[in-house]
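Observations on chain architecture
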Amino acid sequence: MKKIAVFTSGGDSPGMNACLRAVVRTAIYKGLEVYGIHRGYAGMIDGEIKRMYSHSVSNIVQRGGTILKSARSEEFRTKEGRQKAYDNLKKLGIDGLVAIGGDGTFTGAKLFFEEFGIPTVGCPGTIDNDIYGTDYTIGFDTAVNTALEAIDKIRDTAAAHDRIFFIEVMGRDAGFIAVESGIGGGAEFVMVPETKTDLDGLVKAMKNLRKSKTSSVIVVAEGDDEGNAETIMKKVKEKIKDDNKEFKVTTLGHIQRGGNPTARDRVLASRCGMAAVEGLLAGEQNCMAGVTNQQVVFTPFGDCIGKQKPIIPDHLRLINILNI
Ligand code: F6P
């Protein structure tokens, strides 16, 4: 292997730049030529591929977003699109790829590898933490801390006005951000897609809680089975039937995707980036470099996207026990 290319794809996450830096510098350290593909699969199709050097990744370890930019490409879903992408890589003699992204990125990478056989190793870059094969994904810790900061602030005003706040956090179909920001923020309730939400049970528990508390913070994962925070708030309000109680909704949205990565995310990103390059050189392909129990582990893309990563059961118990 002489030339590799790296790209970031799907929703950006804090730490993608740190990962990119690790990929580029490890590749150079190992004597490889390294190229950066701009705008993920879209740029691969359009030939937006540039040589990268050590200085190309200077001063980015601390920056959110991704200097290579990211995109979600419809064209890459077509065989013609993927063929164009392959032709562009072939022209440059690229013989290895590092894909930094989440499940959509790995779905594309798996298909591309199966069709064209360019060895590819992924790094788990998504705030959602919904990738099997790594304890945490790059960006998750930062997103949780961003959500936590917001929850702390909302709690101040919730308490001042005796209000009930429903705070919606991101996570797509997973509840990891909700659970960890909920535990950290002392949320009274947390609703996640992984467990069936029981609104009657929630209302009953809220009524009980009101004997001891005058305000509450309820964290709702955006993918909850009962709907988003606004919908759930309306349903709960209807069931509680208490005109003296004020209900508010805050949707945190894309602030969870930005910001300087935490130390945890920078270290994880750097480890995964280095491991991806070393893995490629050692013959790893069609798999992701993640970190499980402190160790680098390579997991086939098929498992990363096909197996569900469960929420830690103790985390759910914690919320129930600590909210009394
Ligand atoms: O996958 C990351 C994520 O931020 C999810 O949490 C969220 O559902 C989605 O991306 C939002 O996507 P977009 O930025 O395209 O609106």
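Scope of this entry: the structure provided in the associated data block. Residue positions are given per chain, counting from 1 as you read along its sequence in written order. With pLDDT at 70 or above as the cut-off, local features in this predicted model cover only qualifying residues; side-chain atom pairs require 80 or more to be listed or tallied, and sums for whole chains, interfaces and linings still use all residues. Values shown for side chains rest on all heavy atoms present in the structure; no hydrogens or waters enter the calculation.

1. Comments concerning the sheet that holds strand β3 (residues 49-52)
Should DSSP find at least two bridges between two strands, the strands are taken to pair. Only DSSP runs of H or I covering at least 4 residues are called helices, and only runs of E covering at least 2 are called strands; the numbering of each starts at the N terminus. Taken in spatial order, the seven strands make up an open sheet running β3-β2-β1-β4-β5-β10-β11, and their pairing is mixed. If you trace the sheet from one side to the other, it starts and ends with β3 and β11 (295-300), each paired once. Strand after strand, the sheet turns through a mean of 30 degrees between neighbouring axes, direction not considered. Relative to strand β2 (residues 33-37), strand β1 (residues 3-8) runs parallel, the two being bridged by five bridges. Bridge pairing links alanine 5 to tyrosine 35 in β2. Helix axes use the C-alpha atoms of the stretch in contact, all axes being lines fitted to C-alpha atoms, and the angles between their N-to-C directions lie in the range 0 to 180 degrees.

2. Quick notes on the site of the ligand
Surveying the vicinity of the ligand reveals the residues Arg72, Thr126, Ile127, Asp128, Met170, Gly171, Arg172, Glu222, His254 and Arg257. Nitrogen and oxygen atoms within 3.5 Å of one another constitute a polar contact, given that in protein one can donate a hydrogen and the other can accept it, and given that sequence-neighbouring residues count only through two side-chain atoms. Arginine 172 is positioned such that a nitrogen or oxygen atom in its side chain is 3.4 Å from an oxygen atom of the ligand. Within the side chain of glutamate 222, one N or O atom sits 2.5 Å away from an oxygen atom of the ligand. Throughout, the term near means that a residue has one or more heavy atoms lying within 4 Å of the molecule or strand in question.

3. Some details on helix α3 (residues 79-92)
Every helix has an expected span of 1.5 Å times one less than the residues it contains. Counted at 1.5 Å a residue, the expected span for α3 with its 14 residues is 20 Å, and the 20 Å between its end C-alpha atoms agrees. Listed in full, the buried residues belonging to α3 are Gly81, Arg82, Ala85, Tyr86, Asn88 and Leu89. The arc that holds every buried residue of α3, seen down its axis, measures 160 degrees, which confines them to one face. Turned more than 90 degrees away from the buried face of α3 sit Glu80, Lys90 and Lys91, all of them exposed. Each residue is placed in one exposure class: buried if its accessible area under a 1.4 Å probe, protein chains only, is under 20% of its type's maximum, exposed if it is over 50%, and partly exposed if it falls in between. Directions are taken from the helix axis to each C-beta atom, and the arc is the one they span.

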